[in-house]
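Each chain is listed here by its residues.
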Amino acid sequence: MKRYIALLRGVNVGGKNKISMAELKQGFEALGFTEVRTHLNSGNVVFSGEEGELATRIQVMIRERFGLDVPVLVIARDWLEDVLRDAPKWWGRGDKEIYDNLILVLPPATAGAVAEKFGEPTEGLELVCVREGAIFWSFDRKNYAKCNWWRRSASPRIGEWITIRTANTMKKLVGM
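Residues numbered from 1 in each chain as written. Predicted model: local features only at pLDDT ≥ 70, side-chain atom pairs only at ≥ 80, totals over all residues. Heavy atoms only, no water.

(A) The arrangement of the environment of Tyr144 in detail. Position of Tyr144 among the secondary structure elements: in the loop between β7 (134-140) and α5 (148-153). Owing to a relative accessible area of 38%, Tyr144 belongs among the partly exposed residues under this scheme. (Helix = DSSP H or I, 4+ residues; strand = E, 2+ residues; numbered from the N terminus. Buried < 20%, exposed > 50% of the residue type's maximum accessible area, 1.4 Å probe, protein only.)

Structure below.
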């Protein structure tokens, strides 16, 4: 069995789309997945399973069990490990003045198309590196409101194409 990471978009954010992580874990186990672990309260699930229509199966389970229709991105743990190994040198270094994120792209969108929608990062405040399926994005914590990508990250025209996690979260998920 292969190890996967499911990222649920928009779960437990601002009191919306509430899902108990313990109940979510039970739902994954009911689908036959093993070694299921959740991380944080924001819809991060690491599990083992056979290849197939994983995202669709998980979305159906969430709809039936919780009455929610949330986008689900399933990635292979090995793929994420490779992506993080190839991170730019400026990303994920633990600098408290910088906020490091990994933007993951929901198919059928592409990282290039998402970056194009975001536009140019704000010079001196944001750094961006586009990879296949993911975008490394870092910005100055104190000046986040001045950052072009920050303002656009919640835009419905862009938000429906992506899910964003911090560098720390992504590193933790790979290690689970």
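We are not done yet, so read on.
(B) Focus on helix α3 (residues 77-85). Regarding α3, the residues found buried are Arg77, Leu80, Val83 and Leu84. End-on, the buried residues of α3 take up no more than an arc of 120 degrees, which puts them together on one face. Where α3 is buried, its residues meet β1 (2-8), β4 (72-76), β5 (98-105), β7 and α7 (167-175). (Arc of directions from axis to C-beta. Contact = heavy atoms within 4.5 Å.)

(C) Spatial organisation of the side chain of Thr169. Within the secondary structure, Thr169 is located in helix α7. In terms of polar contacts, Thr169 uses its side chain to reach the side chain of Thr166, at 3.0 Å. (Polar contact = N/O pair within 3.5 Å; in protein donor to acceptor, adjacent residues only side chain to side chain.)

(D) The arrangement of the layout of surface pockets in detail. Its boundaries defined by the atoms lining it, the largest pocket holds a volume of some 660 Å³. Forming the boundary of the largest pocket are 23 residues, of which Gly10, Val13, Thr163, Ile164 and Arg165 lie nearest the centre. Breaking the lining of the largest pocket down by element, the ones donating at least two residues are β5, α5 and β8 (162-166). Looking at which element gives the most residues to the lining of the largest pocket, the answer is β8, with five residues. Residue composition of the lining of the largest pocket, by class: ten nonpolar, ten polar and three charged. (1 Å grid on protein atoms, 1.4 Å probe; cavity = no way out; pocket = protein on both sides within 12 Å on 5 of 7 lines; lining within 4 Å. Points joined across faces, edges and corners; volume = space filled by probe spheres on them. Nonpolar A, V, L, I, M, F, W, Y, C, P; charged D, E, K, R; others polar.)

(E) Expanded view of the packing of α3 against α7. Relative to each other, α3 and α7 sit at 135 degrees, their axes nearing to 9 Å. The orientation of α3 with respect to α7, classified from their angle, is oblique. Crossing geometry of α3 relative to α7 is assigned as left-handed. Side by side, α3 and α7 meet where Arg77, Leu80, Glu81 and Leu84 of the first sit next to Met170, Lys171 and Val174 of the second. Of the residues in the contact of α3 with α7, the class split is four nonpolar, no polar and three charged. (Axes fitted to C-alpha atoms, helices over the stretch in contact; angles between N-to-C directions. Parallel < 35°, antiparallel > 145°, perpendicular 65-115°, else oblique. Left-handed = near helix turned anticlockwise from the far one by under 90°.)

(F) Geometry of the pattern of salt bridges. Under the defined criterion, the tally for this structure stands at seven salt bridges. Note that Arg85 is salt-bridged to Asp82, the shortest N-O span being 2.7 Å. Residue Arg85 and its partner Asp82 are located together in helix α3, separated by three residues, close to a single helical turn. With a closest N to O distance of 2.9 Å, Arg131 and Asp86 form a salt bridge. Highlighted residues: Arg131 in strand β6 (residues 126-131) and Asp86 in the loop between α3 and β5, separated in sequence by 45 residues. Given a relative accessible area of 42%, Asp86 falls into the partly exposed group. Connected through salt bridges with shared partners, the residues Arg77, Asp78, Glu81, Asp82 and Arg85 form a single ionic network. (Salt bridge = Lys/Arg side-chain N within 4 Å of Asp/Glu carboxyl O.)

(G) Layout of the packing of aromatic side chains. For the coordinates displayed, the defined rule picks out twelve aromatic pairs. Consider the rings of Tyr4 and Phe47, whose centres lie 5.7 Å apart with planes at 25 degrees: the pair is stacked. Of this pair, Tyr4 sits in strand β1 while Phe47 sits in strand β3 (residues 44-49); the two residues are 43 residues apart in sequence, bridging distant segments of the chain. For Phe47, a relative accessible area of 0% corresponds to the buried category. Summarising the aromatic geometry, the rings of Phe28 and Phe33 are spaced 5.8 Å apart at their centres and angled 45 degrees between planes, so their arrangement reads as tilted. As far as burial versus exposure is concerned, Phe28 and Phe33 are alike and both buried. Grouping aromatic residues by their ring pairs yields a cluster made of Tyr99, Phe118, Trp137, Phe139, Tyr144, Trp149 and Trp150. (Phe/Tyr/Trp six-rings, centres within 6.5 Å; stacked < 30°, edge-to-face > 60°.)

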